[in-house]
Amino acid sequence: MSLIQWIELPNLGDQRGGLVVAETCKNIPFDLKRLYYIFDAKPEVPRGFHAHKELHQIAFCIKGKCKMLMDNGFVKEEVWIDQPNKGLQIPPMIWHEMHDFSEDCVLLVLASEHYDENDYIRDYQEFLKEVHKPFIHPLADVQSSQIGEDSHVWQYSVILAKAKIGKNCNICAHTLIENDVVLGNNVTVKSGVFIWDGITVQDNVFIGPNVTFTNDKHPRSKQYPEEFLRTIIEKGASIGANATILPGIKIGQKSMIGAGAVVTKDVPPKAIVIGNPAFIKGFIKE
Ligand code: T46
């Protein structure tokens, strides 16, 4: 969705002139607590350069015009504000800058809260850090502090303290990630997946729902091997729903593991494997 969202107020003007009405909770989508206006701004002196944490605002140029730059930390968009009844919405956590004020510009801003300097983020690096911080759902139990930026961890996921998760990963609800686990960037882990000690998942891997990993070939209750077998899922591989990956296996780059396959030995790069025990059905063509 574009960052540029307008609120258009009714113009009840007639031959005598314009008349524009703003009404709280009718055509203004918040309780109006404050309004302020900027005038006599210098064309060559930009303003703004901050984001608000909670504040909602709508900015109208009731006279003249200015250019607004909007930035959500991922994309930037620029737009002219130049109509007295068309207000630009400035939601929380949007970095905004005002440039190129016309000399006659009167910028009227409607605000949802009283003035509070603590609501401002005036440092761009701090803003970027805030918008890219990983999202951890309040119902997740994440003990690791090594979760990369833009990653999402959803409900009822448990991530133990020493696990390392890369950037922009999606860890869906009902998952478990143990300590000796490394996930690269852009990894998707669908629901019902438990990733045990000894498993490494490289960048861009997709792990479908209820995929089963193992790390011990001859498990006995309360008997632990000195070290668990190591399994590696290489870059760009995809593992279909319900597949089972036996321990100590390498799943090659960009390979595709069919749903329900039971993988008992290494899978070469780009191989398509299916069945129980899994066999190579073909290879991915670029
Ligand atoms: C925004 C853009 C669009 C107050 O004491 N009360 C107020 O309600 C406001 C708006 C400002 N101030 C003080 C804070 C500063 O010491 O006025 C001074 C100038 O404010 P600032 O440098 O933030 O002005 P702009 O033009 O850069 O930004 C203003 C608003 O502050 C801001 O919320 O989103 O317009």
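Cut-offs applied
Residues numbered from 1 in each chain as written. Predicted model: local features only at pLDDT ≥ 70, side-chain atom pairs only at ≥ 80, totals over all residues. Heavy atoms only, no water. Near = heavy atom within 4 Å. Polar contact = N/O pair within 3.5 Å; in protein donor to acceptor, adjacent residues only side chain to side chain. Areas by Shrake-Rupley, 256 points an atom, 1.4 Å probe, with all protein chains shown as cover. Helix = DSSP H or I, 4+ residues; strand = E, 2+ residues; numbered from the N terminus. Nonpolar A, V, L, I, M, F, W, Y, C, P; charged D, E, K, R; others polar. Phe/Tyr/Trp six-rings, centres within 6.5 Å; stacked < 30°, edge-to-face > 60°. Buried < 20%, exposed > 50% of the residue type's maximum accessible area, 1.4 Å probe, protein only. Lys NZ or Arg CZ within 6 Å of the ring centre and 35° of its normal. Core = buried A, V, L, I, M, F, W, Y, C linked by side-chain atoms within 4.5 Å. Contact = heavy atoms within 4.5 Å.

For the protein chain, the name recorded in an unreviewed UniProt entry is Sugar 3,4-ketoisomerase QdtA cupin domain-containing protein, with Acinetobacter terrae as its organism.

## What to know about the site of the ligand
Neighbouring the ligand are 13 residues; Arg-34, Arg-47, His-52, His-96 and Tyr-120 lie closest to it. In this structure, an oxygen atom belonging to the ligand sits 2.8 Å away from a main-chain N or O atom of Gly-48. A total of 650 Å² of accessible area belongs to the ligand in isolation, and the protein chains cover 69% of it. When residues in the shell around the ligand are grouped by element, the largest group, four residues, is from strand E3 (residues 47-52). Its residues assigned to classes, the shell around the ligand shows five nonpolar, five polar and three charged.

## Section: the packing of aromatic side chains
Across all of its chains, the model carries seven aromatic pairs by this definition. The interplanar angle of 70 degrees and the centroid separation of 5.1 Å between the aromatic rings of Trp-95 and Tyr-124 together place this pair among those described as edge-to-face. Of this pair, Trp-95 sits in strand E8 (residues 95-99) while Tyr-124 sits in helix H1 (residues 124-131); the two residues are 29 residues apart in sequence, bridging distant segments of the chain. Look at Tyr-124 and you get partly exposed, because its relative accessible area is 24%. Ring geometry for Phe-135 against Trp-154: centres 5.0 Å apart, planes inclined by 50 degrees, an arrangement best described as tilted. On the criterion of sequence distance, the pair formed by Phe-135 in strand E11 (residues 135-136) and Trp-154 in the loop between strand E13 (152-153) and strand E14 (158-159) is long-range, its members being 19 residues apart. Of the residues examined, Trp-154 reaches a relative accessible area of 28% and is grouped as partly exposed. Cluster of aromatic residues (ring-pair linked, three or more members): Trp-95, Tyr-124 and Phe-127. The lysine or arginine in question, Lys-86, covers the ring of Trp-6, its NZ or CZ lying 4.8 Å from the ring centre.

## Here's the deal with the nonpolar core
Nonpolar side chains in soluble globular proteins tend to end up buried together. Judged by nonpolar contacts, the single largest core of 35 residues is most densely connected at Leu-183, Ile-195, Phe-213 and Val-263. Secondary-structure elements contributing two or more residues to this core are strand E18 (181-183), strand E21 (199-201) and strand E30 (271-274). For Val-263, the residues in contact, after removing those within four places along its chain, are Thr-244, Ile-245, Leu-246, Ile-249, Ile-251, Ile-257, Val-273 and Ala-278. Formed by 19 residues, the second largest nonpolar core is a distinct cluster that contains Met-68, Leu-88, Ile-90 and Ile-94.

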